[in-house]
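# Survey of secondary and tertiary structure
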Amino acid sequence: MRQDVKKIRNLLKQYAKLKRDFTAFNQVSSPSLDGVSSHSSQNGTETCLINHVDLSYQLKEVEDALNAIDDPQYQFILHDYIIEKRFTRNEACERLSVSVSKFNYLKNQALEVFKKIYS
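Residues numbered from 1 in each chain as written. Predicted model: local features only at pLDDT ≥ 70, side-chain atom pairs only at ≥ 80, totals over all residues. Heavy atoms only, no water.

## Observations concerning the packing of aromatic side chains
Tallying each qualifying case throughout the model produces 3 aromatic pairs. When the ring of F76 is compared with that of F87, the centres are 5.3 Å apart and the planes differ by 40 degrees; the resulting orientation is tilted. Residue F76 is found in helix α3 (residues 72-83), and its partner F87 is found in the loop between α3 and α4 (89-96); the two are separated by 11 residues along the sequence. Each member of the pair, F76 together with F87, is buried. (Phe/Tyr/Trp six-rings, centres within 6.5 Å; stacked < 30°, edge-to-face > 60°. Helix = DSSP H or I, 4+ residues; strand = E, 2+ residues; numbered from the N terminus. Buried < 20%, exposed > 50% of the residue type's maximum accessible area, 1.4 Å probe, protein only.)

Pasting the structure below:
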């Protein structure tokens, strides 16, 4: 597998973790400001909010690319097989009614399509 496709596959594997982290972050109570101005570069509230925005942006970029893919087989492979890990390779092959070699071909094609959209 080409190195760039491997990077995209790893990104998609990390997507589920990012989504969990984002959900956990949203469950944290809102920061309260004590009214005292802090000009130090170690402002925890500000850093936390910046991390939240950055995480939100990363998730949206991946979701937009995933939603732009029209092929239902590619969507299944990317979402249910790679991201959510709902199926083993053999189960995914059965669901798509394809051989393992055809599944690997489709998976690589799906990753290439995602890479083009995501870039």
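## With respect to helix α5 (residues 100-118)
Between its first and last C-alpha atoms α5 spans 26 Å; for 19 residues at 1.5 Å apiece the expected length is 27 Å, and the two agree. Three or more residues of α5 are buried, namely F103, L106, K107, A110, L111, E112, F114 and K115. (Expected span 1.5 Å × (residues − 1).)

## Side note on the pattern of salt bridges
Applying the stated criterion to the full structure yields 4 salt bridges. Taking the shortest distance from any N to any O, the salt bridge between R86 and D80 comes out at 3.0 Å. Taking relative accessible area as the criterion, R86 reaches 52% and is therefore assigned exposed. K115 is the partner of E112 in a salt bridge, and the nearest nitrogen-oxygen pair spans 3.6 Å. (Salt bridge = Lys/Arg side-chain N within 4 Å of Asp/Glu carboxyl O.)

## Things to note about the packing of α4 against α5
The interhelical angle for the contact between α4 and α5, taken along N-to-C directions, is 90 degrees, at an axis separation of 10 Å. In terms of their interaxial angle, α4 and α5 are classed as roughly perpendicular. For the pair α4 and α5, contact is made by R89, N90, A92, C93 and L96 and by V100, F103 and N104, respectively. (Axes fitted to C-alpha atoms, helices over the stretch in contact; angles between N-to-C directions. Parallel < 35°, antiparallel > 145°, perpendicular 65-115°, else oblique. Contact = heavy atoms within 4.5 Å.)

## Concerning the packing of α3 against α4
Relative to each other, α3 and α4 sit at 155 degrees, their axes nearing to 11 Å. Taken together, the axes of α3 and α4 are roughly antiparallel relative to one another. In this structure, the crossing between α3 and α4 has a hand that is right-handed. Contacts between α3 and α4 involve Q73, F76, I77 and Y81 from the first element and R89, A92, R95 and L96 from the second. Along the lines of polarity and charge, the residues of the contact of α3 with α4 split into 5 nonpolar, 1 polar and 2 charged. (Left-handed = near helix turned anticlockwise from the far one by under 90°. Nonpolar A, V, L, I, M, F, W, Y, C, P; charged D, E, K, R; others polar.)

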